Amino acid sequence: MIQAKFSLEESQLRFLDQCKAYGFKDKSQAVRAALEHLRQELEQRRLQESAHLYAQVYDDDSELQELTASAIEDWPA
């Protein structure tokens, strides 16, 4: 594994020192889990923002709404 050096605040270090109480084998595993959780959360936020933008485009585009409606009519039941 690649090692990295970074700075923490005192409260973060105290929390990290308790990693085994939360089921992690060591501090590295806890940090990796936290980073993965953050990555997933940011990706989810990006997808939600994208979906919101698409919904806005759809709401503002009557031609797109008509195209969608016509496609639904031909969709098998």
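Residues numbered from 1 in each chain as written. Predicted model: local features only at pLDDT ≥ 70, side-chain atom pairs only at ≥ 80, totals over all residues. Heavy atoms only, no water.

## Focus: the overall build of the protein chain
The cut-off we apply is this: Put simply, DSSP marks the helices as runs of H or I at least four residues long and the strands as runs of E at least two long, and each gets a number from the N terminus on. To get the radius of gyration, use the C-alpha atoms; to get the globule rule, take the number of residues to the power 0.38 and multiply by 2.2 Å. Any residue under 20% of the maximum accessible area for its type is buried, any over 50% is exposed, and the rest in between are partly exposed; the area is computed with a 1.4 Å probe on protein chains only. Note on areas: these come from Shrake-Rupley sampling with a 1.4 Å probe, and a residue is covered only by the protein chains present in the view. The convention is simple: Lys and Arg are positive, Asp and Glu are negative, and His and the chain ends are not counted. Taken as the charge location is NZ of Lys, CZ of Arg, CG of Asp or CD of Glu.
Along the backbone of the protein chain there are 3 helices and 0 strands. Listing each helix as α and each strand as β along the protein chain from the N terminus yields α-α-α. Relative to a compact globule of 77 residues, whose C-alpha radius of gyration would be 11 Å, the protein chain shows 23 Å and is clearly more extended. Its C-alpha atoms give the protein chain principal-axis dimensions of roughly 60 × 30 × 25 Å. Taken across its 77 residues, the protein chain has 4% of its residues classed as buried. For the protein chain, the accessible surface area stands at approximately 7300 Å², while carbon and sulfur atoms represent 56% of it. A gap of 24 Å separates the mean positions of the 9 positive and 15 negative side-chain charges of the protein chain.

## Thoughts on the environment of Gln40
Mapped onto the elements, Gln40 comes out in helix H2 (residues 27-60). Sequence spacing of Gln40 and Asp60 is 20 residues, and the spatial spacing of their C-alpha atoms is 30 Å.

## Overview of the layout of surface pockets
We count it as follows: Lining residues are those with an atom within 4 Å of a point, where the points come from a 1 Å grid over the protein atoms alone and group into cavities, where a 1.4 Å probe fits but cannot get out, or pockets, open sets with protein on both sides within 12 Å along at least five of seven lines. Grid points are joined across faces, edges and corners, and a volume is the space filled by probe spheres set on the points. Polar here means any residue outside two lists: the nonpolar Ala, Val, Leu, Ile, Met, Phe, Trp, Tyr, Cys and Pro, and the charged Asp, Glu, Lys and Arg; Gly therefore counts as polar.
Put simply, the largest pocket is a space of about 550 Å³. Forming the boundary of the largest pocket are 19 residues, of which Phe6, Ser28, Ala30, Val31 and Arg32 lie nearest the centre. Of all the secondary structure elements, the ones that give two or more residues to the lining of the largest pocket are helix H1 (10-17) and H2. At 7 residues, the largest contribution of residues to the lining of the largest pocket is made by H2. Residues of the lining of the largest pocket, tallied by class, amount to 15 nonpolar, 3 polar and 1 charged.

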